[in-house]
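# Chains, contacts and geometry: an overview
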Amino acid sequence: MQIHVNGKALDVRAANLAALLHELDYEDTAVATALNHSFVRKTDRFKTLLNEGDEVEILTPRQGG
Amino acid sequence: MAASPHQDRLKLYGAEFSSRLLAGTAQYPSPAILSQSIAAARAEIVTVSLRRESGGSRAGEGFWALIRELGVRVLPNTAGCLSVKDAVTTAQMAREVFDTPWIKLEVIGEEDTLQPDVFGLVEAASILTREGFQVFPYTTEDLVAAEKLLGAGCEVLMPWGSPIGSGRGLNNPYALRSLRAHFPGVPLIVDAGIGAPSHAAVAMEMGFDAVLINTAIAKAGDPVQMARAFALAVEAGRLGYNADLMQARDMAAPSTPVIGRAFSDRAHA
């Protein structure tokens, strides 16, 4: 299945958001997630299923002003 | 007006702080200089952001560990968001990662000046306050926008001094004074555009509650020394405000008593 992660097209095996984080090696890191521009809580990642063409954002703490 | 330093604390959404200098964390030459600069600025609140990270690089994790070591309060921002939807979603993501209800809300309306979209800002602030956020809106000095933001539940306002990163200082002192006068009980933090310690001192002398500095420290030749300069300027400006500045006047007024001056019985030639 092809989805977009942080603006890049990716072929992934993961069926849900939690599995996607595992597949992309984000597990155990401080990240926040959004699916198709809507926030997905950490506790909801497992039940958030992915579909072809979905847009996923995975954000992490960074410097800011 | 006069307050002892321990009484004169900055109050933001029920939390109290000694320092009136908020520091940004972007653009520093190195993590070590960032840490030293935050310490030299005596900042107790720092702004942070959320950004995309490529899988496995873990740069964000290292940054977050560094900030936690500083023992400061974090104020996450929604920097760069151009729509209400993006700003709200980013705020929600930030609350989870940084574990704080605080959010510096940016909804940018114009990309050359990074001027806030005050209409979007009010809409986003309304949504976020209903969701329990404590919103710090980055706004213009517009009085009506300020009133609407307060109506939307904001208890703090962050008017710009001048465009982000410009270093121009306080572009519109008249409007800033007017804002200060209209909302005497509201914490007002001048954000953006402050380029020199003197700019920060002026903002504090005008009665603003705090300033937020990033580029002026981070991009200085010696960021740590500049951070200390800003800390002193903010403190001096606040002391000056508390001590009640004299009124400016157009004509001279002799500071030395005129009575008893030598030759005072002699008429002007």
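Below, the structure is looked at part by part. (Residues numbered from 1 in each chain as written. Chains lettered and ligands numbered in written order. Predicted model: local features only at pLDDT ≥ 70, side-chain atom pairs only at ≥ 80, totals over all residues. Heavy atoms only, no water.)

## A look at the nonpolar core
The biggest cluster of nonpolar side chains holds 81 residues, and the ones touching the most others in it are B:Leu12, B:Trp102, B:Leu105, B:Val135, B:Phe136, B:Ile189 and B:Val211. Apart from the residues lying within four places of it in its own chain, the contact partners of B:Leu105 are B:Thr78, B:Ala87, B:Leu121, B:Ala124, B:Ala125, B:Leu128, B:Val135, B:Phe136, B:Pro137 and B:Tyr138. Within the second largest apolar cluster, 15 residues are counted, among which are A:Leu20, A:Tyr26, A:Val31 and A:Leu50. (Core = buried A, V, L, I, M, F, W, Y, C linked by side-chain atoms within 4.5 Å. Buried < 20%, exposed > 50% of the residue type's maximum accessible area, 1.4 Å probe, protein only. Contact = heavy atoms within 4.5 Å.)

## A closer look at the pairing of strand β3 (residues 32-35) of chain A
Residue and element names in this part refer to chain A. Neither face of β3 is open: one carries Ala32 and Ala34, the other Thr33 and Leu35, and all of them are buried. Sheet topology note: the β3/strand β5 (residues 55-63) ladder contains four bridges and is antiparallel. From the neighbouring strand, Ala34 faces β5, where its bridge partner is Glu57. Hairpin connection between β3 and strand β4 (residues 38-40): a loop of two residues separates the two successive antiparallel strands, and Asn36 in this loop has a positive phi of roughly 50°. (Helix = DSSP H or I, 4+ residues; strand = E, 2+ residues; numbered from the N terminus. Pairing = 2+ DSSP bridges.)

## Here we look at the side chain of B:Thr140
Residues and elements named next belong to chain B. By the secondary structure assignment, Thr140 is in the loop between β9 (134-139) and α5 (143-151). By relative accessible area, which is 6% here, Thr140 ends up buried. Of the polar contacts made by the side chain of Thr140, one reaches the backbone nitrogen of Asp142; its length is 3.2 Å. Those residues in contact with Thr140 that sit more than four places away from it in its chain are Gln115, Pro116, Val118, Pro159 and Trp160. (Polar contact = N/O pair within 3.5 Å; in protein donor to acceptor, adjacent residues only side chain to side chain.)

## A few points about the packing of aromatic side chains
Here a ring pair, both rings aromatic, is described through the centre-centre distance and the interplanar angle of the planes. Residue and element names in this part refer to chain B. Going through the model one piece at a time under the given rule, you end up with four aromatic pairs over all chains. On the numbers, 5.3 Å between centres and 55° between planes, the contact of Tyr13 with Phe136 is tilted. With Tyr13 in the loop between β1 (10-12) and β2 (15-17) and Phe136 in strand β9, this pair connects stretches of sequence that are 123 residues apart. We note that Tyr13, like Phe136, is buried. Ring geometry for Trp102 and Phe136: centres 4.7 Å apart, planes at 55°, overall tilted. (Phe/Tyr/Trp six-rings, centres within 6.5 Å; stacked < 30°, edge-to-face > 60°.)

## Examining the interface of chain A and chain B
Across the contact, 29 residues belong to chain A and 31 residues belong to chain B. In this assembly, chain A packs against chain B so that about 2,500 Å² is buried in total across both faces, 55% of it on carbon and sulfur atoms. Linking chain A with chain B are two salt bridges. Among the salt bridges present, the one from B:Glu96 reaches A:Arg45, with a minimum N-O distance of 3.4 Å. Our count for the chain A to chain B interface comes out at 14 residue pairs in polar contact (both at pLDDT 80 or more). Only β3, β4 and β5 of chain A provide two or more residues apiece to the side of chain A that touches chain B. If one sorts the elements of the side of chain A that touches chain B by residue count, β5(A) sits on top with seven residues. Here the side of chain A that touches chain B is built from residues that sort into 11 nonpolar, 10 polar and eight charged. Inspection of the sheet shows β5(A) paired to strand β4 (residues 45-52) of chain B by five bridges, in the antiparallel sense. What sits directly across from A:Gln63, in β4(B), is B:Val48. (Buried area = accessible area lost by both parts, 1.4 Å probe. Salt bridge = Lys/Arg side-chain N within 4 Å of Asp/Glu carboxyl O. Nonpolar A, V, L, I, M, F, W, Y, C, P; charged D, E, K, R; others polar.)

## Considerations on the sheet that holds strand β10 (residues 158-159) of chain B
Adjacent strands of a sheet pair through backbone hydrogen bonds, lying either parallel or antiparallel. Residue and element names in this part refer to chain B. Taken in spatial order, the three strands line up as β6-β9-β10 in an open sheet, and their pairing is parallel. With partners counted over all chains shown, the strands left at the sheet margins are β6 (102-105) and β10, one partner each. With two bridges connecting them, β9 and β10 associate as parallel partners. Bridge pairing in β10 places Thr139 opposite Pro159.

## Observations regarding the environment of B:Ile217
Residues and elements named next belong to chain B. Structurally, the position occupied by Ile217 is in helix α8 (residues 215-218). Judged by its relative accessible area of 0%, Ile217 falls in the buried class. The spacing of Ile217 and Ala41 is 176 residues in sequence and 9.1 Å in space, taken between C-alpha atoms.

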